[in-house]
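Here is what each chain is made of, one letter per residue.
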Amino acid sequence: ELGYLRLRWKAPGANQSTLLETPILPQTGAADDDSRFAAAIAGFGQLLTGAPQLGSWGWDQAIALAEGARGSDSFGYRAEAVTLMRLAQSLAQ
């Protein structure tokens, strides 16, 4: 196992949440652009909070991951997210 995913969500108007648990196995294959971009945005959020769990992973790595995973960006939202990441990086220094 590379990791273990536990995701809990609640549908709008629902009283109880649903839990999804699944292992992340090495044979899952390479991550697609959507998954890599989501990871970059999650890392961006962690950078904004100053999370110590990131170790040496920083702004440059988050931006590079996001840029490399932009894929088809029909409405320019991903490009805008990268611009916001660069702005946050400049303000953090």
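Here the structure is a predicted model, which means the values were calculated and not measured.

Draft legend 1. Spatial organisation of the packing of helix 2 (residues 59-68) against helix 3 (residues 77-92). At a closest axis distance of 10 Å, the pairing of helix 2 and helix 3 adopts a crossing angle of 170 degrees. By the criterion of interaxial angle, the relationship of helix 2 to helix 3 is roughly antiparallel. Taking contact as the criterion, the partners of W59, D60, A62, I63, A66 and E67 in helix 2 are, on helix 3, V82, M85, R86, A88, Q89 and A92. Its residues assigned to classes, the contact of helix 2 with helix 3 shows 8 nonpolar, 1 polar and 3 charged.

Draft legend 2. Quick peek at a nonpolar patch on the surface. Judged by side-chain polarity, L2, L5, L7, W9, L20 and I24 come together as a nonpolar surface patch covering roughly 540 Å² of accessible area. Contributions of two or more residues to the nonpolar patch are made by strand 1 (3-9) and strand 2 (18-24). Considering every element that reaches the nonpolar patch, the biggest residue donor is strand 1, with 3 residues. With respect to the element layout, L7 can be found in strand 1.

What counts, and where the lines are drawn
Residues numbered from 1 in each chain as written. Predicted model: local features only at pLDDT ≥ 70, side-chain atom pairs only at ≥ 80, totals over all residues. Heavy atoms only, no water. Axes fitted to C-alpha atoms, helices over the stretch in contact; angles between N-to-C directions. Helix = DSSP H or I, 4+ residues; strand = E, 2+ residues; numbered from the N terminus. Parallel < 35°, antiparallel > 145°, perpendicular 65-115°, else oblique. Contact = heavy atoms within 4.5 Å. Nonpolar A, V, L, I, M, F, W, Y, C, P; charged D, E, K, R; others polar. Patch = residues over 30% accessible without salt bridge, like charges linked within 9 Å, V, L, I, M, F, W, Y side chains within 5 Å. Areas by Shrake-Rupley, 256 points an atom, 1.4 Å probe, with all protein chains shown as cover. Salt bridge = Lys/Arg side-chain N within 4 Å of Asp/Glu carboxyl O.

Take it as geometry only, folks, not as evidence of what the structure does.
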